[in-house]
Amino acid sequence: MPVISFVSPKGGVGKTTSAVLLGGLLADKGAPVSMIDADPNQPVSSWAQLPGRPENLRVIRDVTQDTVMDVIEEEARRSTFVICDLEGTASLTVSYAVSRSDLVLIPLQGSHLDAAQAARAVKLVKSTEKAIGRPVPFALFFNRVSAVIQPRTFRHIRAEFETAGLPVLNCLLQEREAYRAIFSFGGTVGGLTTAQASNLGAAKDNIADFAKAVMARLRQTAVAAQ
Ligand SMILES: Nc1ncnc2c1ncn2[C@@H]1O[C@H](COP(=O)(O)OP(=O)(O)OP(=O)(O)O)[C@@H](O)[C@H]1O
Ligand SMILES: [Mg+2]
């Protein structure tokens, strides 16, 4: 517990990257983490086969539409955090994973096209809520943001989304070389060397802020549920 799923019908918005960054950080802090690779392309499993995966981070692969709910439930009993990476389509596997999630995170990049895709992800969450008869907490977050984006611009966008009933994480995940490097060298950002990627301090700070924003959203939804 809890189960956090990364969802967007749009390919390439950063589901796998942010899932591995979050899982890696939580594992580096000592928590037992289960990462469920429910994408048939198996990107998390490929990362896990490289050197440097924390010992307390398990990856469960070959997860299908038929097994995803059972796998999530079993891993939720076993680990402190369960993180589910899903394929970039709106499939039954995605809906089933959403139905077993405590938080659905929807990455988007700052374009209108991406916002439309994020809206599709929210619709998928809403239709799953109807099917299972309980709310499924979710939040959007901006990924691949330039490190120099104006906080005022972000606050404006965030306020607009919130007015429309779409919660946005209070952190921008930045575009960072280190976030690509872990998929080449393996392991977590905490284990990278300065020869492998630049600006590691800033990259680590940004992931720590991201994880804090995710935990704050989880706490908020737990309070709302009581
Ligand atoms: N914050 C980031 N900084 C740098 N590169 C990033 C960041 N987020 C994503 N990328 C890059 O963007 C590309 C797509 O990211 P990723 O594979 O995580 O997206 P995805 O949503 O999981 O895609 P798919 O739908 O195909 O599974 C990758 O090359 C990844 O390295
Ligand atoms: Mg992916």
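Report on the accompanying structure. Small disclaimer: the values here were computed from a predicted structure and weren't measured.

1. Describing the pairing of strand β6 (residues 138–142)
Step number 1: Most of β6 sits inside the fold, with five of its five residues counted as buried.
Step number 2: Side chains Phe138, Leu140 and Phe142 project from β6 onto one buried face, and the interleaved Ala139 and Phe141 project onto a second face that is buried too.
Step number 3: The pairing of strand β5 (residues 103–108) with β6 spans five bridges and is classified as parallel. Residue pairing in the sheet places Leu105 in a bridge with Ala139 of β6.

2. Focus: the site of ligand 1
Step number 1: Around ligand 1 lies a shell of 17 residues, among which Gly12, Lys15, Thr16, Thr17 and Gln174 are the nearest.
Step number 2: Backbone polar atom of Gly14 to an oxygen atom of ligand 1: 3.0 Å apart, as the coordinates give it.
Step number 3: Between ligand 1 and Arg176, the relevant distance is 3.1 Å, taken from a nitrogen atom to a main-chain nitrogen or oxygen of the residue.
Step number 4: Among the secondary structure elements, those contributing two or more residues to the shell around ligand 1 are α1 (15–28) and α7 (177–185).
Step number 5: The dominant element in the shell around ligand 1, judged by the number of residues it contributes, is α1, at three residues.
Step number 6: In terms of residue class, the shell around ligand 1 is made up of two nonpolar, eight polar and seven charged.

3. A few points about the packing of α1 against helix α8 (residues 200–225)
Step number 1: Remark: α1 packs on α8, axes separated minimally by 10 Å, with the N-to-C direction vectors making an angle of 90 degrees. With respect to α8, the axis of α1 lies roughly perpendicular. Only Ile207, Ala208, Phe210, Ala211, Val214 and Met215 of α8 make contact with α1, whose side of the interface consists of Ser18, Leu21, Leu22, Leu25 and Leu26.
Step number 2: Per-class residue counts for the contact of α1 with α8 are 10 nonpolar, one polar and no charged.

4. Thoughts on the nonpolar core
Step number 1: Of all hydrophobic cores here, the largest spans 41 residues; its most connected members are Phe6, Leu22, Val33, Leu105, Val189, Phe210 and Val214.
Step number 2: Here this core gets nine residues from one element, more than from any other, and that element is α8.
Step number 3: Among all residues touching Val189, those that are not within four sequence positions of it are Leu21, Ala178, Tyr179, Ile182, Leu200, Ala203, Lys204 and Ile207.
Step number 4: Core analysis: the second largest hydrophobic core is formed by 34 residues, Ala97, Val98, Leu108 and Phe154 among them.

5. Some points on the environment of Ala181
Step number 1: Looking at where Ala181 falls in the secondary structure, it is placed in helix α7.
Step number 2: A sequence separation of 41 residues divides Ala181 from Ala222, and the C-alpha atoms of the two residues are 34 Å apart.
Step number 3: Excluding anything up to four places from it in sequence, Ala181 contacts Gly186, Leu192, Gln196 and Ala197.

6. Some thoughts on the environment of Tyr96
Step number 1: One can find Tyr96 in helix α4 (residues 92–99).
Step number 2: With 30 residues separating them along the chain, Tyr96 and Asp66 place their C-alpha atoms 9.3 Å apart.
Step number 3: Excluding residues within four positions of it along the chain, Tyr96 makes contact with Gln65, Val68 and Met69.

7. Let's talk about the sheet that holds strand β4 (residues 81–86)
Step number 1: Strand order in the open sheet formed by six strands is β3-β2-β4-β1-β5-β6, with parallel pairing between adjacent strands. Two strands bound the open sheet, and with one partner strand each, they are β3 (57–60) and β6. Neighbour-to-neighbour, the strand axes of the sheet open up by a mean angle of 20 degrees, direction not taken into account.
Step number 2: Pairing analysis gives three bridges linking strand β1 (residues 3–6) to β5, with the strands arranged parallel. Counterpart to Phe6 in the pairing with β5 is Leu105.
Step number 3: Of the strands in this sheet, β1, β2 (33–38), β4 and β5 touch α4, which is tilted by about 160 degrees from β4.
Step number 4: Where α8 meets the sheet, its contacts fall on β1, β4, β5 and β6, and the angle it forms with β5 comes to roughly 140 degrees.

Cut-offs used in this document
- Residues numbered from 1 in each chain as written.
- Chains lettered and ligands numbered in written order.
- Predicted model: local features only at pLDDT ≥ 70, side-chain atom pairs only at ≥ 80, totals over all residues.
- Heavy atoms only, no water.
- Buried < 20%, exposed > 50% of the residue type's maximum accessible area, 1.4 Å probe, protein only.
- Helix = DSSP H or I, 4+ residues; strand = E, 2+ residues; numbered from the N terminus.
- Pairing = 2+ DSSP bridges.
- Near = heavy atom within 4 Å.
- Polar contact = N/O pair within 3.5 Å; in protein donor to acceptor, adjacent residues only side chain to side chain.
- Nonpolar A, V, L, I, M, F, W, Y, C, P; charged D, E, K, R; others polar.
- Axes fitted to C-alpha atoms, helices over the stretch in contact; angles between N-to-C directions.
- Parallel < 35°, antiparallel > 145°, perpendicular 65-115°, else oblique.
- Contact = heavy atoms within 4.5 Å.
- Core = buried A, V, L, I, M, F, W, Y, C linked by side-chain atoms within 4.5 Å.

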